[in-house]
Each structure stands twice: as C-alpha cells, then as structure tokens.
Amino acid sequence: MRNHWIAAIVVAATLLGGCNSADQNPAASGKPQAPAIAPGTTITGTVTFHDQIPISTGAKLDVKLVDITQPEISIAEKVFDVGGTPPFNFSLDFDPAKITASRTYVINASLTDGPRHFVPALNSPVLTHGGGTTAQVVLNAEATPAEKLKEDFNKLQGRIGGMKKVAGTYTTDNASIGWDAFAETGAVRFIRVNTEADAGGRSAVQYAFKDGKPMVVKQKGGATVGWGDNGDVLWNEKPGGGTVGDAEIRSFHDEALKVLQMAQEKVDAAKKK
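Residues numbered from 1 in each chain as written. Predicted model: local features only at pLDDT ≥ 70, side-chain atom pairs only at ≥ 80, totals over all residues. Heavy atoms only, no water.

- The name that an unreviewed UniProt entry assigns to the chain is DUF1481 domain-containing protein, with the source organism given as Dokdonella soli.

1. Here we look at the overall build of the chain
Right, on to step 1. Across its full length, the chain holds four helices and 15 strands.
Right, on to step 2. Taking all 273 residues of the chain together, 32% fall into the buried category.
Right, on to step 3. For the chain, contacts bridging at least 24 residues in sequence account for 51% of all contacts bridging at least 6.
Right, on to step 4. When the accessible area of the chain is evaluated, it comes to approximately 16300 Å², of which 52% is carbon and sulfur surface. (Helix = DSSP H or I, 4+ residues; strand = E, 2+ residues; numbered from the N terminus. Buried < 20%, exposed > 50% of the residue type's maximum accessible area, 1.4 Å probe, protein only. Contact = heavy atoms within 4.5 Å. Areas by Shrake-Rupley, 256 points an atom, 1.4 Å probe, with all protein chains shown as cover.)

2. Some thoughts on the pairing of strand β14 (residues 224-227)
Each regular strand displays side chains that alternate between the two surfaces of the sheet.
Right, on to step 1. Here β14 shows a buried face lined by Thr-224 and Gly-226 and a second buried face lined by Val-225 and Trp-227.
Right, on to step 2. Two elements, strand β13 (residues 213-219) and β14, share three bridges in a ladder whose sense is antiparallel. Within β14, the residue paired with Val-216 across the bridge is Gly-226.
Right, on to step 3. Hairpin connection, β13 to β14: the antiparallel pair is bridged by four residues, and Gly-221 has positive phi, about 75 degrees.
Right, on to step 4. As defined by bridge partners, β14 adjoins strand β15 (residues 233-237) across four bridges and the pair is classed as antiparallel. Following the sheet pairing, Thr-224 is matched in β15 by Glu-237.
Right, on to step 5. Following β14, the chain reverses through five residues before pairing antiparallel with β15; Gly-231 in that reversal takes a positive phi of roughly 90 degrees. (Pairing = 2+ DSSP bridges.)

3. Side note on the sheet that holds strand β10 (residues 175-184)
Right, on to step 1. Across the sheet, seven strands lie side by side as β9-β10-β11-β12-β13-β14-β15; this open sheet has antiparallel pairing. Strands with a single pairing partner mark the edges of an open sheet, and in this sheet they are β9 (164-171) and β15. For this sheet, the mean inter-axis angle between neighbouring strands, taken without regard to orientation, is 15 degrees.
Right, on to step 2. Packed on one face of the sheet, helix α3 (residues 145-159) meets β10, β11 (187-197), β12 (202-210), β13, β14 and β15 and runs near 80 degrees to β15.
Right, on to step 3. The strands that helix α4 (residues 246-272) touches are β9, β10, β11, β12, β13, β14 and β15; relative to β11, the one it contacts most, it runs at about 110 degrees. (Axes fitted to C-alpha atoms, helices over the stretch in contact; angles between N-to-C directions.)

4. Some details on the environment of Arg-103
Right, on to step 1. As for its placement among the helices and strands, Arg-103 is situated in the loop between β4 (88-93) and β5 (105-113).
Right, on to step 2. With 24 residues separating them in the primary sequence, Arg-103 and Leu-127 have C-alpha atoms 9.5 Å apart.
Right, on to step 3. Apart from residues lying up to four places away in sequence, Arg-103 is in contact with Asp-67, Thr-69, Thr-128 and His-129.
Right, on to step 4. Side chain to side chain, Arg-103 and Asp-67 meet in a polar contact 2.4 Å long. (Polar contact = N/O pair within 3.5 Å; in protein donor to acceptor, adjacent residues only side chain to side chain.)

5. Section: unusual backbone geometry
Right, on to step 1. Here Pro-86 and Pro-87 are connected by a cis peptide whose omega angle stands at 15 degrees.
Right, on to step 2. Residue position: Pro-87 is located in the loop between β3 (70-84) and β4.
Right, on to step 3. The phi torsion at His-129 lies on the positive side, around 55 degrees, for a residue other than glycine.
Right, on to step 4. Residue position: His-129 is located in the loop between β7 (125-126) and β8 (134-141).
Right, on to step 5. With a phi close to 50 degrees, Thr-185 is a non-glycine residue in the positive phi region.
Right, on to step 6. Looking at where Thr-185 falls in the secondary structure, it is placed in the loop between β10 and β11.
Right, on to step 7. The class of Thr-185 is exposed, set by a relative accessible area of 83%.

6. Thoughts on the nonpolar core
Right, on to step 1. In terms of nonpolar packing, the biggest core is built from 28 residues, with Leu-61, Leu-65, Phe-90, Ile-107 and Leu-111 touching the most fellow members.
Right, on to step 2. For this core, the secondary structure elements donating two or more residues are β1 (42-49), β2 (55-67), β3, β4, β5 and β8.
Right, on to step 3. Here this core gets five residues from one element, more than from any other, and that element is β2.
Right, on to step 4. Counting 24 residues, the second largest nonpolar core, distinct from the first, contains Ala-175, Tyr-207, Trp-227 and Ile-249. (Core = buried A, V, L, I, M, F, W, Y, C linked by side-chain atoms within 4.5 Å.)

Structure (structure tokens):
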C-alpha cells in the first residue's frame, strides 16, 4: 500500500512539472508568442543599382525608415552625398520607442543625380517580422524628363496614321511650302512642313503639340527643341553636339504657334462641312 501511495505522488509531481513547463514555454502550450523587434538603434546597409550607372559627385542619397502603411512619414531619415560607382553604404539611427512589433517597416531609399532619379525596385523590410537591422536596397533609374518627352514624341508620331489628316500648300516670296497636319479629337497634334526654296535647297520640320501648346519642334538633320507642360525647355539638341540659343528657341516656339493656327483653322473648317 505504501508503495502505491509513493507512486501516486511521483506521477502527480510529474504532471505538475509538465504543466509548469508548458506555462513557461508559450509555443509548447499553444499560446501566441509576442512579436519581436530586432535589437539595436541603428540600421546599416548598402544601396546598389539594377543597372550599373556611374553617379556624379554630389548626388543625393535619401534614406528613410518608414512604416509601410504610411510611407510619407519618416521615422528616421538621413541624406548622404555620394558619387562614383555603387554600392553606397549607409547608417541610419532610429528611436526603438517608435517601433511597434506588429507593424511592418522598410528602408525607403532614393537617389537624385541631376535630372535623373532612382527609386526602389523592391521593398527592403527591417526590424519586425523577422527583419533585422541590415538592408540591401536595389534602385532602378527612372527616365529623365527629357527622355520621357522623347518617348512621348515618338509615340505620338507613331499614331498619326490613325488621326484626322488635313493638308495644304502656300508660297512666299522665295519658297514653296507644303504641309500636312494630324488631329485627334478635333485638336491638331502633329504637323509636317516641307519647304522648297526658289534658290534651291529643301528643309523639313516636324511639330508636335499638347493641349494647344508646342511640345516639340524637330528639324530634319537639324536642331530639336522640346518643352515640358510648364513651358520649360527639356529637349535641346543640335547635330554633333551643342544646344540651341534662347533667341532661336523663341523663334522655334513662335513658328510652331503660327503653323498650329493655320492647321487648326483648316481642321475646324472641315468639321463644319
């Protein structure tokens, strides 16, 4: 009988010990564990590019720690002067009191080199949900405003076959001019002007428009000038290098408005018939 009593005590102690062990180990008991925050007060990392592009001295690398749901609010931010060929190293201090374990945080880096801007290819999570205090950020180069304008011009030129076409001719004291224009939803978007001088020689100019304003003036074999939506000159090239001067730019712009008025009047007259 005494042996049975001792055995019962041993079994009970074993069961109690198992219960205490389960209480001390939430994972074993099935209880959810509190999410963890990576220890430390500094995030370090590197920034590389998807395509290797040398960076001018003095380019600005902006590194931010943000909550992925509120990327416009910086928890920590630092701007670095960089240059040369990446990778670029960074170190960003942050306040751990501003970090909530249940939320997701990323390093949001961007780089500005003159007119060219680089943005993240993918998110770089840190601190929570298994993220640590190091980050490897890959940036992609966005097209510059000039490159976007060139692309828009080429796309517009490729669409003129499906637009409403009007054409005309006229003469001046020393030349014969022929032109055709292409309209979209009643507005002239593209004009081609061919000039044959009485003394010999020919020239051809293409004009592109957006919202009733000159967008690009492109001389065949000559200069090209293009404007942004706010009127700033974004595209300014001459064959063999160099740029168009201010007086010539104004001349290009004024001539574009003249041919636009001529073509738009003919488009409007055709709509009335």
